[in-house]
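Coordinates in review
Spelled out from the first residue to the last, the chains are:
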Amino acid sequence: MGEATPELPVVSFSNDRSVARRGLYVAGFQPETEASAIARFARASGFGPISVFGPAGPLHERVRSALSRNGDLQASEPYAAGAVAAGAERLIATLVGRRPTVTPVVYVVAGPGELAGAAEAIAAASRRYGPVQIAGGAGMAEAVERAPERLIGAWWAAADPAIRRSFGDRYRRRYGRAPERLAGLGYDGAYLAAALASGGRITPAEVERANGFLGVDGLFRFAPDGVVERALAVVQNTPGGAYVLSPAARAFPR
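Since the structure is predicted, the reported quantities are computational estimates derived from the model, not experimental observations.

Some remarks on the overall build of the chain
Counting secondary structure elements, the chain contains 8 helices and 12 strands. In summary, the chain has a C-alpha radius of gyration of 19 Å against a globular reference of 18 Å for 254 residues, a match within 12%. In terms of overall dimensions, the chain has a C-alpha envelope of 60 × 50 × 35 Å along the principal axes. Within the span of the chain, comprising 254 residues, buried residues form 45% of the whole. Looking at the chain alone, contacts between residues at least 24 apart form 60% of all its contacts between residues at least 6 apart. By element, 54% of the accessible surface of the chain is carried by carbon and sulfur atoms, the whole surface being about 12500 Å². For the chain, the separation between the mean place of its 29 positive charges and that of its 23 negative charges on side chains is 4 Å.

Considerations on helix H3 (residues 84-97)
Spanning 14 residues, H3 covers 19 Å between terminal C-alpha atoms, matching the ideal 20 Å at 1.5 Å per step. Contacts from the buried residues of H3 go to strand E3 (50-55), strand E4 (73-79), strand E5 (105-108) and helix H4 (112-129). Phi turns positive one or two residues past the end of H3, at Arg99, with a value near 50 degrees.

With respect to the side chain of Ser36
Mapped onto the secondary structure, Ser36 falls in helix H1 (residues 31-44). Look at Ser36 and you get buried, because its relative accessible area is 12%. A polar side-chain atom of Ser36 sits 2.9 Å from the main-chain carbonyl oxygen of Glu32.

A closer look at the environment of Met140
If you trace the backbone, Met140 turns up in helix H5 (residues 138-146). Under the relative-accessibility criterion, Met140 is labelled buried at 0%. Separated by 16 residues in the primary sequence, Met140 and Trp156 place their C-alpha atoms 6.1 Å from one another.

Some words on the packing of helix H6 (residues 161-175) against helix H7 (residues 183-197)
The description of two helices packed together rests on the angle between their axes and the distance between the axes. Here H6 crosses H7 at 90 degrees, and the two axes come no closer than 12 Å. In terms of their interaxial angle, H6 and H7 are classed as roughly perpendicular. Packed against H6, whose contacting residues are Arg164, Phe167, Arg170 and Tyr171, the element H7 presents Ala183, Gly184 and Tyr187 at the interface. For the contact of H6 with H7, a count of residues per class yields 4 nonpolar, 1 polar and 2 charged.

Structural notes on the packing of aromatic side chains
Tallied over the entire structure, the rule returns 9 aromatic pairs. Measuring from centroid to centroid gives 5.4 Å for Tyr25 and Phe222, while their planes differ by 55 degrees, and the two rings are tilted. Remark: Phe222 occurs in strand E9 (residues 218-222) and Tyr25 occurs in strand E2 (residues 24-26); sequence separation between them is 197 residues. Given a relative accessible area of 2%, Phe222 falls into the buried group. Here Phe220 and Phe222 contribute two aromatic rings whose centre-to-centre distance is 6.0 Å and whose plane-to-plane angle is 85 degrees, an arrangement assigned as edge-to-face. Comparing Phe220 with Phe222 shows no difference in burial state: the two are buried. Within the aromatic cluster, the residues linked to one another by ring pairs are Tyr25, Phe213, Phe220 and Phe222.

Regarding the nonpolar core
Among soluble globular proteins, nonpolar side chains are generally buried collectively. If you look at the biggest cluster of nonpolar residues, it comprises 34 residues, and the most contacted ones within it are Phe53, Ile92, Val106, Val108, Ile122, Met140 and Leu151. The set of elements that each furnish at least two residues to this core consists of E4, H3, E5, H4, H5, strand E7 (155-158) and strand E11 (233-238). For Leu151, the contacting residues outside a window of four places in its chain are Ala116, Ala119, Met140, Ala143, Val144 and Asn237. Ala35, Ala42, Trp155 and Val234 belong to the second-largest nonpolar core, a separate cluster that totals 18 residues.

Basis of the calculations
- Residues numbered from 1 in each chain as written.
- Predicted model: local features only at pLDDT ≥ 70, side-chain atom pairs only at ≥ 80, totals over all residues.
- Heavy atoms only, no water.
- Helix = DSSP H or I, 4+ residues; strand = E, 2+ residues; numbered from the N terminus.
- Rg over C-alpha atoms; globule rule 2.2 N^0.38 Å.
- Buried < 20%, exposed > 50% of the residue type's maximum accessible area, 1.4 Å probe, protein only.
- Contact = heavy atoms within 4.5 Å.
- Areas by Shrake-Rupley, 256 points an atom, 1.4 Å probe, with all protein chains shown as cover.
- Lys, Arg positive; Asp, Glu negative; His and termini not counted.
- Charge placed at Lys NZ, Arg CZ, Asp CG, Glu CD.
- Expected span 1.5 Å × (residues − 1).
- Polar contact = N/O pair within 3.5 Å; in protein donor to acceptor, adjacent residues only side chain to side chain.
- Axes fitted to C-alpha atoms, helices over the stretch in contact; angles between N-to-C directions.
- Parallel < 35°, antiparallel > 145°, perpendicular 65-115°, else oblique.
- Nonpolar A, V, L, I, M, F, W, Y, C, P; charged D, E, K, R; others polar.
- Phe/Tyr/Trp six-rings, centres within 6.5 Å; stacked < 30°, edge-to-face > 60°.
- Core = buried A, V, L, I, M, F, W, Y, C linked by side-chain atoms within 4.5 Å.

Function cannot be inferred from these measures alone, as they are strictly geometric.
Below you can see the structure in the form of structure tokens.
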């Protein structure tokens, strides 16, 4: 028998989609969604398929598996601790050595503290062998916020920066500092609870409303399998700041 649906829907800030089901929803940023947004943009813009680079582990495997399922994976290079430069050289030599007719895209998956170094290793190898496009998800956005000059040209999939900037401005006025990357989840959780409670009894059908909700990280909704779906923009880090290459959808398809 399958698991029973909770009498009262539960929304978790986790990004572990394996625990999601109807009535138990995960609202955290999903690496699969971010990687797929980059892959769609790359494909539409004439770039090559995606190669995944980052430390070996569950995050790397989730992104690799998602891209592979959608037919967007070219290569995967999980590296061991202390071997980032060697892994980057091996991956870029392989990609560029094939003399691609389109620029390869390397999607870097790592924690924010490690991501900038991994991306810089890719950039260094690229200068020796040939051009690649560096990309990432929420971790890349956070790394760019910390040190934008280190990651000029990088893409990432995230909420429209204008929406996030408005939240950041209000947060700074209230608390005197910039919000952490995950602060928006708490804000949206409170907003979601208030929005649902205003309609009376909270049910899975109300949580799964097709048009979704507009939060500080953009438009989101929950699928019947319990996993959050987010409308993401593709953004590039330029010397003048974040530039939106592909805006987030304003509405979900029915």
